[in-house]
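Letter by letter, the chains look like this.
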Amino acid sequence: MREIELDFQPRRPGLLPVVLLLVGALLAADVWHEYSALRDQLTAAESRLQQAERRAERLDAGRRDSRPENVFTADESKALRQAIAAIRIDWEGLYHSIDQAVSEEVSLLAIRPSAAGKAVQISGEARDMVAALAFVEALRRAPLAQVVLLSHQVKQNDPQHPIIFEIAATWLTGS
């Protein structure tokens, strides 16, 4: 019978795996050191950028505040003038005059005033063409002028066949 060669003592690793492990550890330490240095540089650069942005904002604010005519940019000035003009308009008078012209035979669907163009468009429905024309005629008083029936159409899918209309008028805003 042959003898079984069992060796219960582990063999010692050779020198190559130990050297490779040490080289790998040294490379990992070098990478970590390089990463730390780059991260510190990035943090410093971000800090300098934030300081430069704050300095630029302070300089810009100082320049704007030192000249009263330049408190607002051109776009801001234009928007402010438009807002002031819109506030000065007699909106209540416009809607009151339109409301007085409406009869029981007319219902309004939309009122689209344009303060800039001093125009108003009115959409609505009337029981019949006579009611629509009477509404147009009733609108022809201040603050509206040049009231025109732009379009009208019979609503065929409705059993009562109402008239859908679109009216345009110039609007005397008083400004």
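Data block above holds the structure.
Residues numbered from 1 in each chain as written. Predicted model: local features only at pLDDT ≥ 70, side-chain atom pairs only at ≥ 80, totals over all residues. Heavy atoms only, no water.

(A) Fine view of the sheet that holds strand β3 (residues 144-154). Here 4 strands make up an open sheet; going across it, the order is β1-β2-β4-β3 and the pairing antiparallel. For this open sheet the edge positions go to β1 (106-114) and β3, each flanked by a neighbour on one side alone. Taken pair by pair, the neighbouring strands of this sheet meet at an average axis angle of 15°, ignoring direction. The pairing of β3 with strand β4 (residues 163-171) spans 8 bridges and is classified as antiparallel. The partner of H152 across the bridge, within β4, is F165. Sheet strands touched by helix α3 (residues 91-101): β1, β2 (119-126), β3 and β4. Its angle to β1, the strand with the most contacts, is close to 155°. (Pairing = 2+ DSSP bridges. Helix = DSSP H or I, 4+ residues; strand = E, 2+ residues; numbered from the N terminus. Axes fitted to C-alpha atoms, helices over the stretch in contact; angles between N-to-C directions. Contact = heavy atoms within 4.5 Å.)

(B) Spotlight on the pairing of β4. In terms of residue burial, β4 counts as a mostly covered element, since 7 of its 9 residues are buried. As judged from the 8 bridges shared by β2 and β4, these two strands associate in the antiparallel manner. Of the residues in β4, the one forming a bridge with V120 is A169. (Buried < 20%, exposed > 50% of the residue type's maximum accessible area, 1.4 Å probe, protein only.)

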